[in-house]
Amino acid sequence: MSNVGQVRHVHNLSLTPAVPQATTFFCFARAKIVHIFSVLVFSLTCQQTSPLLTVTWVTPHPSIARSSKMDAKSPHIKNRDTPQWGLYQRNMFWRYNDRELPPFNTHPDVLERLASRKLSQNGWLYASSNAGLSHTHLANRQAFFRHKLVPRQLVDTNERSTRTSLFDGKWEVSAPFGIAPVGINKIYHDQGELAVAKAAGELGLVYSLSTAGSFPIEDVGKANEEGRANRFKANENLDVEGEGGHENSKKVPEAPRFFQLYMPHDNELTLSLLKRAHESGFQACILTTDTSQLGWRHDDVATSNYAFYRGIGGELGFTDPVFQKRMAEAGVDPQKDAVRAASMWIDTIWHGRAWSWDKAVWAREKWQEIAGKDKPFLIKGIQSVNDAKKAADLGFEGVVVSNHAGRQVDGAVGSLDALESIVKAVGERRGFTVMFDSGVRGAADVMKALALGAKFVFIGRLWIWGLAIMGEEGVRHVLRSLLADFDILMNVMGVRSVDEIDGSLLESGPRVYGLLNEKSKL
C-alpha cells in the first residue's frame, strides 16, 4: 500500500525551526457537545503541496468516528442512478481523523508542480510542451474565462444524476466526461495505459487508447475490463449505509472504450490495428486528423526529446502481426535494436503525409466492416465549421472539436470558441454527436462546454499529472475528485440532470483574445 499522503509519527520526523520542538499535550471541551474529547495534538511537518505544512492531529471520541458518513444516510441517495460522488469530498475531509491526508492536492497548478518533480526532464517537457509560443494553449483557457456560470437557487437537486448516454442512448456513462487519448503513457509512469484504463473502468468513465500507446491494445483492453469487473466493490465507500447493502455502488455503468487511430500509410497495418481494437472490446473509433506529424514544440526540439527515437513506447506496434512482418522484412529485431524498431513504428504513424476526406471515409467503412455498422467512427481535430459540416454530410457519427490542447498549431482559435460555432452549424443534425477536447481543467469547464452544446468532454492533462505523481492511485484520485467536483457543482448550480445543462446557465462575454495578460501555466 502506498504511503503517499499518509502522515508519519512525530518521532520519525526531523522538525524544522518553524515547528515547535516539543510535542504539546492538552485537553479541551467544547460547548453544546455532550462528549468531552480526549485530544492528543501533534505538530509536525508534512511536505506535500507546499514546502512546509503544519498539521495538528485531534483524536475524536469513537462515537464521532462512527458517524463519519452522515451524508450517506440521506434517503435521497437510494433514488440516485449513480453513487453519491460528492461523498469523496467528505471522505477526504475525514482522513484527518484517521491520521492520514488525501493523496495530493488536485488543483491544476499544484498537480502540474507535483508532476514536474516526479518526471524526468524529457518526460516533463513532452507532457507540458505546446506548439510555438503556446498562444493556442492560452487561447483555450481564455475561451473558458469569458463564459460565466449563473447558479439557480431553491432547486431540489437531492436526486440529481451525473449519468448521461452517448450516441442516442447506445451507452450509459457515469458522467459526461472521460479519458482523452494520450500517447506513450509509460514515460509518465511504469504502469502507463494499464493504470488509466483500469481506473476509468472502475468509475464507469469512457477510456480512449491512442495508437501511440505504450502497451499492447490487448493488454489495455484487459485492464479496462478488470476495472469494469471491479466497479461495484471499488465504489462501496460512496454507498448507502444500513439496510440495502451496497445497492448504490451497483449503479456504476459499464462505460465503453474507444480506440483513437493515427492512420498509418500502410493500409494492411491500418486494418490490423482496427481488427485488434475491435477484438479487444473497443467499441468506437476516433480518427485524429491534426497530427500526421508533430507540431513545432521548442522545448522538445531543443532537448532532442522524442521517446520513440530513444526506443521507448513502441510496444503497441511491436505486438502487431502486420508490423512484425514489416520489421522482419527490414531486418529489424525490437529485442536487439529497440531504437530502430520504435523509430520505424512511429515514422509509420506520425509520417507527415496529409490525408484527404476520401481516405477518412475509407477508414470509417473499414472500421464498420470489421466492428459492425452500429459502431461509431468520429473525426478528432475539427476546428472549422466547414469541416464539421463536411463530416456530417459524409455520414460520420460525430466529431471531436479539438486543437490537440494547443500542441499542433500555434496562434489558432480557442477550442471552446470553435465548439460554439460548430454546435450552431451541426449540433442539431440527427445521428451526429459533437464532443469536445482541449483546455479543460475542472468541473466548471466541463459544465461550460456542455452548456455550449457538447455532448461529451475529454480530459487529458489532469489525469496525466495524476499518473505521474502516483500511478494508478494518482489517476483514480484525480478522476474521483473530478466526479465529486462535478456532482457538487450540479448540486450548487441547481442542476438535476446533464440534460438540464444548456446555454441558460451561462453569461458570456465577447471573444477577446487579449483578455488575459499572462502566459499560460498549464
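An unreviewed UniProt entry lists the chain under the name FMN-dependent alpha-hydroxy acid dehydrogenase, from Neurospora hispaniola. Regarding the chain, the UniProt comment filed under Cofactor (unreviewed entry) reads as follows: "FMN".

J.: How would you summarise the overall build of the chain if you had to cite specific residues and measurements?
T.: Each helix and strand in the chain was counted, giving 18 helices and 14 strands. For the chain, with 522 residues in total, the buried portion stands at 55%. Put simply, of all contacts in the chain between residues at least 6 apart along the chain, 76% involve residues at least 24 apart.

J.: Outline the sheet that holds strand β7 (residues 207–210), supporting the account with residue identities and numerical values.
T.: Here we have eight strands laid out as an open sheet, ordered β6-β13-β12-β11-β10-β9-β8-β7, and parallel in their pairing. Each edge of the open sheet is held by one strand with a lone partner, namely β6 (177–179) and β7. Taking each pair of neighbouring strands and ignoring which way they run, the sheet shows an average axis angle of 30 degrees. Across four bridges, the pairing between strand β8 (residues 257–261) and strand β9 (residues 284–288) is parallel. Within β9, the position partnered with Phe259 by the bridge is Cys285.

J.: Which residues make up the pairing of strand β11 (residues 398–401), and what are the values?
T.: By the alternation rule, side chains of β11 split into Gly398 and Val400 and Val399 and Val401, which are all buried. Relative to β11, strand β10 (residues 377–382) is paired through four bridges, and the arrangement is parallel. Note that in β11 the partner of Ile382 across the bridge is Val401. Handedness of the β-α-β unit built from β10, helix α15 (residues 385–393) and β11 comes out right-handed. Bridge count for β11 against strand β12 (residues 433–436) is four bridges, and the pairing is parallel. Bridged to Val399 within β12 is Val434. In the classification by handedness, the crossover that spans β11, the intervening helix α16 (residues 415–426) and the parallel β12 is right-handed.

J.: Provide a residue-level description of the pairing of strand β13 (residues 456–459), including the pertinent values.
T.: Because side chains alternate across β13, one face comprises the buried residues Phe456 and Phe458, and the other comprises Val457 and Ile459, equally buried. In terms of strand pairing, β6 meets β13 through three bridges, oriented parallel. In the sheet register, Phe177 faces β13, and the bridge partner there is Val457. For β12 and β13, the ladder comprises two bridges, and the chain directions are parallel. Within β13, the position partnered with Met435 by the bridge is Phe456. Of the crossover connections in this fold, the one passing from β12 over helix α17 (residues 443–451) to the parallel β13 is right-handed.

J.: Which residues make up the environment of Lys325, and what are the values?
T.: Position of Lys325 among the secondary structure elements: in helix α12 (residues 321–330). Of the residues examined, Lys325 reaches a relative accessible area of 36% and is grouped as partly exposed. Sequence separation of Lys325 and Leu269 is 56 residues, and the distance between their C-alpha atoms is 9.9 Å. At 3.0 Å, the side chain of Lys325 and the side chain of Glu268 are in polar contact.

J.: An account of the nonpolar core is needed here, citing residue identities and associated values.
T.: One finds Phe177, Tyr188, Leu419, Phe436 and Phe486 to be the most contacted residues of the largest nonpolar core, which totals 123 residues. Broken down by element, the residue count for this core peaks at 18 residues, all from helix α18 (residues 461–493). Setting aside its immediate chain neighbours within four residues, Phe486 contacts Thr162, Pro176, Phe177, Ala443, Val446, Met447, Leu450, Val498 and Ile501. Counting residues in each nonpolar core, the second largest holds 15 residues, with Phe167, Ala180, Phe258 and Phe456 among its members.

J.: Explain helix α14 (residues 357–371) to me, and be specific about the residues and the numbers.
T.: In this model α14 runs 21 Å from its N-terminal to its C-terminal C-alpha over 15 residues, within 8% of the 21 Å that 1.5 Å per residue would give. Three or more residues of α14 are buried, namely Lys359, Ala360, Trp362, Ala363, Arg364, Trp367, Gln368 and Ala371. Buried residues in α14 make contact with α9 (267–279), β9 and β10. A positive backbone phi angle near 120 degrees is found at Gly372, which sits one or two residues after α14.

J.: Summarise α17; cite the residues concerned and give the values.
T.: Within α17, eight of the nine residues are buried, which leaves the element mostly enclosed by the surrounding structure. Among the residues making up α17, those that are buried are Ala443, Asp445, Val446, Met447, Lys448, Ala449, Leu450 and Ala451. Once α17 finishes, Gly453 follows within two positions and takes phi at roughly 115 degrees, a positive value.

J.: Run through the packing of aromatic side chains, naming residues and quoting values.
T.: Scanning all chains against the criterion turns up 16 aromatic pairs. For the ring pair Phe308 and Trp350, a centre distance of 5.9 Å and an interplane angle of 90 degrees mean the geometry is edge-to-face. Residue Phe308 is located in the loop between α10 (298–302) and α11 (315–318), and its partner Trp350 is located in the loop between α13 (338–349) and α14; the two are separated by 42 residues in the primary sequence. For the residue pair Phe308 and Trp350, the accessibility class agrees, reading buried in each case.

J.: Describe the confidence of the model for the chain, naming the residues involved and giving the relevant values.
T.: Overall, the prediction assigns the chain a mean pLDDT of 86, with 82% of residues at 70 or greater. The low-confidence segment residues 61–70, where pLDDT is below 50, has 14 contacts with residues more than four positions distant or belonging to other chains.

J.: Before we move on, can you summarise the side chain of Asn235 with the specific residues and values?
T.: Note that Asn235 resides in the loop between α8 (231–234) and β8. Residue Asn235 is classed as buried on the basis of its relative accessible area, which comes to 0%. A distance of 2.6 Å separates a polar side-chain atom of Asn235 from the backbone oxygen of Arg231. Of note is the side chain of Asn235, whose polar atom sits 3.2 Å from the side chain of Arg480.

J.: Hey, could you go over the packing of helix α6 (residues 192–203) against helix α7 (residues 217–229) for me, with residue numbers and the actual values?
T.: The axes of two packed helices give the description: the angle between them and the distance between them. Packing of α6 against α7 leaves a shortest axis separation of 6 Å and a crossing angle of 30 degrees. If you check the angle between α6 and α7, you find them roughly parallel. Seen along the crossing, α6 lies across α7 with a hand that is right-handed. Between α6, through Glu193, Leu194, Ala197, Lys198, Ala200, Gly201 and Glu202, and α7, the contact on the second element is made entirely by Asp219, Val220, Ala223, Asn224, Glu226, Gly227 and Arg228.

J.: Describe in detail unusual backbone geometry, supporting the description with residues and values.
T.: At Ala405, a position not held by glycine, the phi torsion is positive, near 60 degrees. With respect to the element layout, Ala405 can be found in the loop between β11 and α16. Positive phi is not limited to glycine here, since Ser438 has a value of about 110 degrees.

Parameters at a glance
Residues numbered from 1 in each chain as written. Predicted model: local features only at pLDDT ≥ 70, side-chain atom pairs only at ≥ 80, totals over all residues. Heavy atoms only, no water. UniProt positions renumbered as here; feature names shortened; annotations may be inferred. Helix = DSSP H or I, 4+ residues; strand = E, 2+ residues; numbered from the N terminus. Buried < 20%, exposed > 50% of the residue type's maximum accessible area, 1.4 Å probe, protein only. Contact = heavy atoms within 4.5 Å. Pairing = 2+ DSSP bridges. Axes fitted to C-alpha atoms, helices over the stretch in contact; angles between N-to-C directions. Right-handed = clockwise from strand over helix to strand, strands pointing away. Polar contact = N/O pair within 3.5 Å; in protein donor to acceptor, adjacent residues only side chain to side chain. Core = buried A, V, L, I, M, F, W, Y, C linked by side-chain atoms within 4.5 Å. Expected span 1.5 Å × (residues − 1). Phe/Tyr/Trp six-rings, centres within 6.5 Å; stacked < 30°, edge-to-face > 60°. pLDDT = per-residue confidence, 0-100. Parallel < 35°, antiparallel > 145°, perpendicular 65-115°, else oblique. Left-handed = near helix turned anticlockwise from the far one by under 90°.

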